[in-house]
Structures are given as structure tokens and as C-alpha cells.
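# Per-entry structural report
Here's the letter readout for the chains.
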Amino acid sequence: MPMVVGVVAGVAVAAVLVVIGLFKMMWRVAEPNEALIISGSKHKTEGLEAGMGFRIVTGRGTLVLPGVQAVRKLSLDLNETELHVDCVTHQGIPLKVRGVVIFKVGDDFVSIANAGRRFLDQQKLMSERVHNVFAGHLRSIVGGLTVEEMIRDREKLTGQTRAACGTEMEKLGLIVDSLQIHEIEDPTGYIQNLAMPHAAAVQRDARIAQAEANRLATEAEQQSFARMAEATRDSEILQAGYQAERDKAGAKARQAGPLADAAARQEVVVQETRVAELEAHRREQQLQADVRKPADAQAYEKRTLAEAERDARISGAQAKAKETELAAAAEATRVKTAAGAEAEATRARGTAMAAATRATGEAEAAAAQARGLAEAEAAKAKGLAEAEAIKARAAALAENQEAVVAQQLAENWPEIVKAGASAFGSVDNMVVLNGADGMADMLAKALTMGGTGLGLARQLLASMNQNGQVPNGTSSLNGVTPPPARKVPVDKDGG
């Protein structure tokens, strides 16, 4: 009895295991992203035509009789296909449309049944079929549109394409989750040409805006530069004023030395002049009896000339100083008119230069006046000395004429001989006869002319004694004017 119970229990357990194994073999569960299509028996599904002959299970489990029914899976995942379609617009312009279609099998039994009948064994070809469907409708729709409509209202192109493909996609059991037109390529450049006027207008507006911005920036920069220049001008004016003061002080310092030197020289000249005056006064007192009247006349003449020369120099110095002052004023006026920004600085520099030039001219004029006075006094002293010498020579002539004439001839003998020999200066060729005697004779004739000068000097002295005064021409340094040279005739052919 116990053995029977054990056998029964074992059989029951085995039966249970067999039942469980059979259940697992018969039980099929549909995943959320798939649909089970069970064929092999007659089934009627809601929404499907009668006699369909297969059953659709989604999201749950079902029993399938092995060997009697067949179970296959249809994916409900999303799929996508790239659209590369060559189209021609209503205007005859070829375009290349690039887009993407995202689709899937519908979730209702009708869509699953339609997709199962068409793609159950060809699910990998689903994207190609969808591409062909959309390519055909897209060409048809683009052929009725213009390029401008496609560019401006791309949503319209997308909507029309989805609407046109909706019926066919429904027949295929597919639904379109998304349709996007990514790009419209234009091999002919029509779209680019359409954009060129707008791009040109945008560039024009951009250039205008940039030019306006540059203008405003330039105006701001110019205003800034003007303020900087104004500040620089004010600074330079102040610096020029300070520089003018420094230049004026420097000019005074530089003039102090020359003025002191001029004053010292003037004092020396004055002292020398006083010494000369005292010496002249002494000589005048000594020679007053014999030389006063002729010396006064000659001294008066030279003094008058010296004063005239002095006045001329003083006038020239004053004119030069005035000219320098006028030139400085003219230069200051020109510089003031030429540079408006530097007017104040130029005026300050011109004023300083004019003051320096005026001070220099006054110093030069004072120095020139002092030199003129000194020269005049020196000329006066020299004239008195020459008058004294003339008086002494006249006294000597009165005492011993022969000795004075002999001394003068001896002092001027080289000039006398030179004057006698000048007669031979124009002779190109000379033939002297009798050898050395002829040469001696010729030289004797030349020397004879010197004796003639001695006789002339004696005649002049005699005339002087008779008239009581020195003849004209004897007041030279040597006191005697040599006679004119006498030409000696020479025979060029034979002597």
C-alpha cells in the first residue's frame, strides 16, 4: 500500500511537470514593442474582416498549440529612412531635397494586420518601400510649387507630403511619426541668386551702420583730440611765457659782460684821448708861434671829416638797431598770424627776441659811438703831430736847403732810378753798341735824370723862399715830389 501511494505520487508529480512543460511550450507573451501573429486556426478579431485566418496578440500572453498554430513576431519599433530626392519645380529648376521620415507600424489591429500581410517576412525592406512612396509624392508636390514657396513655407511642403502619403501609408499599416525636410540643394545657384539682393541689402545696411558708428567714433576722437590740443596749447603758452622770462634774464646777463667791456674800453679810450689831448696841448703851446695857423686849418678839415664819419657810423648803428627792432616786430607779427594755436607762445618769444635785439642794438650803438669819438680824437692828435713835423721840416729847409734836398734825394734815390729806368720798360729788343762803353753811357743818361730831379728840387725851394710858403705837393711824407721820368730814345736797330 505505501508503495502504491509512492507510485501514484510520483506519477502525479510527473504529470504536473509534463503539464508545466507543455504550458511553457504553448504559452507565448507579446513584448510591448511587438505584436504576435498566430496563424493556423480560424479566428475573428474585432475590426478585421471575417476569415482573416490569424490572430493578433499585443501586450499579453496567449496559448499556442504547437504543430497546429504558428507564431511570428512583428516589430512595433520606430524606423527611419533618409530621403534623397531629385525634383523639378514648377519653374523648371532642378532641386535636390534632403529629409528624413520616422515611421512605425500602427498600434491598432488593422494596421498590424495590414503590415503583417505586407512586411512580416520583409521587415528589412520596409524603409526602402517607404522611401519610394515618399519620393514619388514629393516629386509630384514639388512640381506644383515654386522655389520661393518651398523656401518661405517649408511647413506647407511637409504637410502636403504627409497628406498625400497618408492613404498609402495607412494601407501599408504604417503611421508617420515625423517628416522633416532638412535641406534643399540648388545645383544651378538659383536660391543663391535669390538671396543676393537681400544679402546686398543687408551688407549695405551693415556698411551704413558701420560707417555711422565710425563717424560717431571719429567725431568723439576729434573732440578728444581738440580738447587735448587745447590743453597742450595752454601748457605751451605758459611754458613760452616762462621761457620768455628766462630768455630775457639770460639776455640781460649776456649783455652785462659786453656792456662792461665796452664801458671799460670807452674809459681807456677816454683816458688815452685825454693823454693825447694833453700831449697835443703841450706841443701846441710849444709850436703855437710857427705852426698854429696852417695846422689849425688842416686839423679843422680832418676833424670835420672825422665828425662826419662818426655821425655816419652812429646813424648807421642807429638805423641797424631800428631795422633789427622792426624785423623782430615783423617776425613776431607774422608768426602770430600764421599759427593760431601757438599765437600766445609765439608772441611771448617774439617779445623776448625783440627786447634782446633792442638791448643788443643799443649796446652796439653805444660801442660804435665810443669808437667814433676815440678815432676822432686820435685823428686830431695825429694831425697835430703831422703839423709839427711839417713845421720842423720847413724850419730845416729854411736853414739848409742843400742838406734837406740831398737827404730827400738819398731817401728817394731808388724811386728816382726806377722812374728813369721805366723808359726802357716798353722796349722788346735792345742792341747796345760799343759793348760796355755803350751800356755805361746809357746808364749815365738814366742817372742824369736823377740830377735833373735835384735841380727841380732846388727851383722849388727857391720858389718857396720867395713866396714864404711850402709849394703844393711838398706836404707828403718825403716832402719832395720827384720829376716826371724822361724817355731816352733808343735805336732798336743799331743803338
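Right above here is the structure, for reference.
What counts and what doesn't
Residues numbered from 1 in each chain as written. Predicted model: local features only at pLDDT ≥ 70, side-chain atom pairs only at ≥ 80, totals over all residues. Heavy atoms only, no water. Helix = DSSP H or I, 4+ residues; strand = E, 2+ residues; numbered from the N terminus. Polar contact = N/O pair within 3.5 Å; in protein donor to acceptor, adjacent residues only side chain to side chain. Contact = heavy atoms within 4.5 Å. Pairing = 2+ DSSP bridges. Salt bridge = Lys/Arg side-chain N within 4 Å of Asp/Glu carboxyl O. Buried < 20%, exposed > 50% of the residue type's maximum accessible area, 1.4 Å probe, protein only. Axes fitted to C-alpha atoms, helices over the stretch in contact; angles between N-to-C directions. Parallel < 35°, antiparallel > 145°, perpendicular 65-115°, else oblique. Left-handed = near helix turned anticlockwise from the far one by under 90°. Nonpolar A, V, L, I, M, F, W, Y, C, P; charged D, E, K, R; others polar. Core = buried A, V, L, I, M, F, W, Y, C linked by side-chain atoms within 4.5 Å. Domains from an automatic or database assignment. Patch = residues over 30% accessible without salt bridge, like charges linked within 9 Å, V, L, I, M, F, W, Y side chains within 5 Å. Areas by Shrake-Rupley, 256 points an atom, 1.4 Å probe, with all protein chains shown as cover.

Let us look at the side chain of Thr62. Summarising the element assignment, Thr62 is placed in strand 4 (residues 61-63). A polar contact is formed between the side chain of Thr62 and the side chain of Arg55, at a distance of 2.6 Å. Once residues within four sequence positions are removed from consideration, Thr62 is found in contact with Met26, Trp27, Arg28, Ile38, Arg55 and Val57.

Time to look at the pairing of strand 6 (residues 79-88). Alignment of strand 6 against strand 7 (residues 94-105), held across 10 bridges, turns out to be antiparallel. When the sheet's bridge partners are listed, Val88 is paired in strand 7 with Pro94. In textbook terms, the turn of a hairpin is the stretch between consecutive antiparallel strands, and for strand 6 and strand 7 this stretch comprises five residues, one of which, Gly92, has a positive phi near 85°.

Here we come to the pattern of salt bridges. Counted according to the given criterion, the structure contains 10 salt bridges. Put simply, Glu309 and Arg313 hold a salt bridge, and the shortest N to O gap is 2.7 Å. Of the two residues, Glu309 and Arg313 both sit in helix 6 (residues 190-338), four residues apart, roughly one turn of that helix. The class for Arg313 is partly exposed, based on a relative accessible area of 35%.

Another aspect to go through is the pairing of strand 3 (residues 54-58). Summarising burial for strand 3: four of the five residues are buried, a large majority. Where strand 2 (residues 34-39) and strand 3 come together, five bridges link them in antiparallel fashion. Residue pairing for strand 3: Ser39 is matched across the bridge by Phe54.

Take the packing of helix 3 (residues 126-143) against helix 5 (residues 154-171) next. In a pair of packed helices, the angle between the axes and the distance between the axes together describe the arrangement. Relative orientation of the contacting elements helix 3 and helix 5 amounts to 135°, with a least axis distance of 9 Å. Relative to helix 5, the element helix 3 is oriented oblique. Classified by chirality, the crossing of helix 5 by helix 3 is right-handed. Contact residues: helix 3 offers Val130, Val133, Phe134, His137, Leu138, Ile141 and Val142, while helix 5 offers Leu157, Gln160, Thr161, Ala164, Cys165, Glu168 and Met169. Of the residues that constitute the contact of helix 3 with helix 5, the class distribution is 10 nonpolar, three polar and one charged.

This next bit is on the nonpolar core. In terms of nonpolar packing, the biggest core is built from 40 residues, with Val101, Val105, Phe134, Met150, Leu157, Met169 and Leu174 touching the most fellow members. A domain split of this core shows at least three residues from each of domain 1 (27-75) and domain 2 (76-188). Each residue touching Met169, except ones within four places of it in the same chain, is listed here: Phe103, Val130, Phe134, Leu174 and Val176.

Moving on to a nonpolar patch on the surface. A contiguous nonpolar surface patch, about 360 Å² in accessible area, is contributed by Val13, Val16, Leu17 and Ile20. Tracing the sequence through the fold places Leu17 in helix 1 (residues 2-26).

In this section: the sheet that holds strand 6. Spatial ordering of the open sheet is given by 6-7-8, a layout of three strands whose pairing is antiparallel. The two strands at the open ends of the sheet, each matched to only one other strand, are strand 6 and strand 8 (174-185). Within this sheet the neighbouring strands show an average axis-to-axis angle of 25°, counted without direction. Along the sheet, helix 5 contacts strand 7 and strand 8; its crossing angle with strand 8, the most-contacted strand, is approximately 145°.

Strand order in the open sheet made by the three strands is 3-2-5, with antiparallel pairing throughout. Each having just a single partner strand, strand 3 and strand 5 (70-75) make up the two edges of the open sheet. Looking at each pair of strands side by side, their axes are set apart by 25° on average, direction ignored. Across the sheet, helix 2 (residues 109-119) lies against strand 2, strand 3 and strand 5, angled at about 120° from strand 3, the strand it touches most.

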